[in-house]
Amino acid sequence: MTDRPLIGISTYAEPGVRWGVWQLDAALLPAGYPRLVQRAGGLAAMLPPDAPERAAATVARLDGLVIAGGPDVEPVHYGAEPDPRTGPPARARDAWELALIEAALDRGVPLLGICRGMQLLNVALGGTLVQHIDGHAEVPGVFGSHPVKPVPGTRYAAAVPEETSVPTYHHQSVDRLGTALIPSAHAPDGTVEAIELPAPHWTLGIQWHPEMAEDLRVMNALVTAALTADH
């Protein structure tokens, strides 16, 4: 590949992170995310939380966007009261990533939401979330696995046509789908595991963590879309 598209990846913002002799606030990202972009032929750029009004200018410089996994989306964004099992809010990150998603959709920039990123995409388009499900995050801090089955005829199925086993770690899921979104993969228990917008948009959300596996096909599809999109 002679051209390497610039793929922005949203990041965590964590207080008091320790490395070496330092303990400081940090914008950070598990290394699997940029490595996945790089292995698929893209250039990875980390996008720490910023003022939402800067999202459009940020996205304008990108060829593609990844909204990474992370904490629970604050239920206020989909008109719900917090469940006792919902985690503490990450308000700066929610606001920034919602603005990034809006900007990407407005400009037609290819967009991939991973885990939290898929849930936030659904919320951005007016959907809601189930605040707790069992069976998809069994051991704290340890990724599990389960199969996902693609929906024939979808963008996800074009990239990954067969049922595959994927790394999973989440306790929330899509409830009511956002405007124009369609489901494109399911878990055996019926949980929606991928959502997407119909053509001409390249917009896909997946509930699992491809950065924890060797399968590059979803990220390859994003990078290919980033190379060919007119935005």
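The notes below deal with the structure included here. All values derive from a computational prediction rather than experimental measurement.

Calculation notes
- Residues numbered from 1 in each chain as written.
- Predicted model: local features only at pLDDT ≥ 70, side-chain atom pairs only at ≥ 80, totals over all residues.
- Heavy atoms only, no water.
- Axes fitted to C-alpha atoms, helices over the stretch in contact; angles between N-to-C directions.
- Helix = DSSP H or I, 4+ residues; strand = E, 2+ residues; numbered from the N terminus.
- Parallel < 35°, antiparallel > 145°, perpendicular 65-115°, else oblique.
- Left-handed = near helix turned anticlockwise from the far one by under 90°.
- Contact = heavy atoms within 4.5 Å.
- Nonpolar A, V, L, I, M, F, W, Y, C, P; charged D, E, K, R; others polar.
- Core = buried A, V, L, I, M, F, W, Y, C linked by side-chain atoms within 4.5 Å.
- Buried < 20%, exposed > 50% of the residue type's maximum accessible area, 1.4 Å probe, protein only.
- Pairing = 2+ DSSP bridges.
- Salt bridge = Lys/Arg side-chain N within 4 Å of Asp/Glu carboxyl O.
- Phe/Tyr/Trp six-rings, centres within 6.5 Å; stacked < 30°, edge-to-face > 60°.
- Patch = residues over 30% accessible without salt bridge, like charges linked within 9 Å, V, L, I, M, F, W, Y side chains within 5 Å.
- Areas by Shrake-Rupley, 256 points an atom, 1.4 Å probe, with all protein chains shown as cover.
- Expected span 1.5 Å × (residues − 1).
- Arc of directions from axis to C-beta.

Considering the packing of helix α3 (residues 91-107) against helix α4 (residues 116-124)
Here's step 1: Taken N-terminus to C-terminus, the directions of α3 and α4 make an angle of 70°; their axes are 10 Å apart at the nearest point. Taken together, α3 and α4 sit at an angle that is classed as roughly perpendicular. Along this stretch, α3 crosses α4, giving a crossing that reads as right-handed. Contact residues: Arg93, Asp94, Glu97, Leu98 and Ile101 in α3; Arg116, Leu120, Leu121 and Ala124 in α4.
Here's step 2: Of the residues belonging to the contact of α3 with α4, the class tally is five nonpolar, no polar and four charged.

Let's talk about the nonpolar core
Here's step 1: Judged by nonpolar contacts, the single largest core of 30 residues is most densely connected at Val66, Leu112, Tyr156, Ile206 and Met219.
Here's step 2: Taken together, the elements giving at least two residues each to this core come down to β1 (6-10), α1 (32-39), β6 (111-114), α5 (155-159), β13 (203-206) and α6 (217-228).
Here's step 3: The element contributing the most residues to this core is α6, with six residues.
Here's step 4: Not counting chain neighbours up to four residues away, the residues in contact with Leu112 comprise Leu65, Val66, Ile67, Trp202, Leu204, Ile206, Val218, Met219 and Leu222.
Here's step 5: In terms of nonpolar packing, the next biggest core, distinct from the first, is built from 29 residues, Tyr78, Ile101, Leu105 and Leu120 among them.

Focus on the pairing of β1
Here's step 1: In terms of burial, β1 is a largely internal element, four of the five residues being buried.
Here's step 2: As paired strands, β1 and strand β5 (residues 64-67) are joined by three bridges and run parallel to one another. Across the sheet, Ile7 pairs through a bridge with Gly64, a residue of β5.

Looking at the pattern of salt bridges
Oppositely charged side chains can pair when the atoms bearing their charge come close.
Here's step 1: All told, the structure shown has nine salt bridges when counted by the stated rule.
Here's step 2: Close ionic contact of Asp50 with Arg54 constitutes a salt bridge, the shortest N to O distance being 2.7 Å.
Here's step 3: For Asp50, a relative accessible area of 33% corresponds to the partly exposed category.
Here's step 4: Under the relative-accessibility criterion, Arg54 is labelled partly exposed at 47%.
Here's step 5: In this structure, the salt-bridge partner of Glu97 is Arg116, at a minimum N-O distance of 2.9 Å.

Focus on the sheet that holds strand β12 (residues 192-196)
Here's step 1: The mixed open sheet is built from nine strands, whose spatial order is β4-β1-β5-β6-β13-β12-β11-β8-β9. Each having just a single partner strand, β4 (43-47) and β9 (164-168) make up the two edges of the open sheet. Across the sheet, the axes of successive neighbouring strands diverge by a mean angle of 30°, strand direction being ignored.
Here's step 2: Of the strand pairs in this sheet, strand β8 (residues 144-150) and strand β11 (residues 182-186) are connected by two bridges, and their pairing is antiparallel.

Here's the deal with the packing of aromatic side chains
Here's step 1: A complete count under the given rule lists two aromatic pairs for this structure.
Here's step 2: On the numbers, 5.4 Å between centres and 70° between planes, the contact of Tyr156 with Trp208 is edge-to-face. Placement of the pair is Tyr156 in helix α5 and Trp208 in the loop between β13 and α6, with a sequence separation of 52 residues.

Describing a nonpolar patch on the surface
Here's step 1: A contiguous nonpolar patch, built from Trp19, Val21, Trp22 and Leu24 and spanning about 470 Å² of accessible area, is present on the exposed surface.
Here's step 2: Residue placement: Val21 occurs in the loop between β2 (12-19) and β3 (22-28).

Some words on α6
Here's step 1: With twelve residues, α6 should cover 16 Å at 1.5 Å per step; its first-to-last C-alpha distance of 17 Å lies within 8% of that length.
Here's step 2: All buried positions along α6 are accounted for by Val218, Met219, Leu222, Val223, Ala225 and Ala226. Along the axis of α6, the buried residues cluster in a sector spanning 160°; they form a single face.
Here's step 3: Considering only its buried residues, α6 is in contact with β1, α1, β5, β6, α5 and β13.

Function cannot be inferred from these measures alone, as they are strictly geometric.
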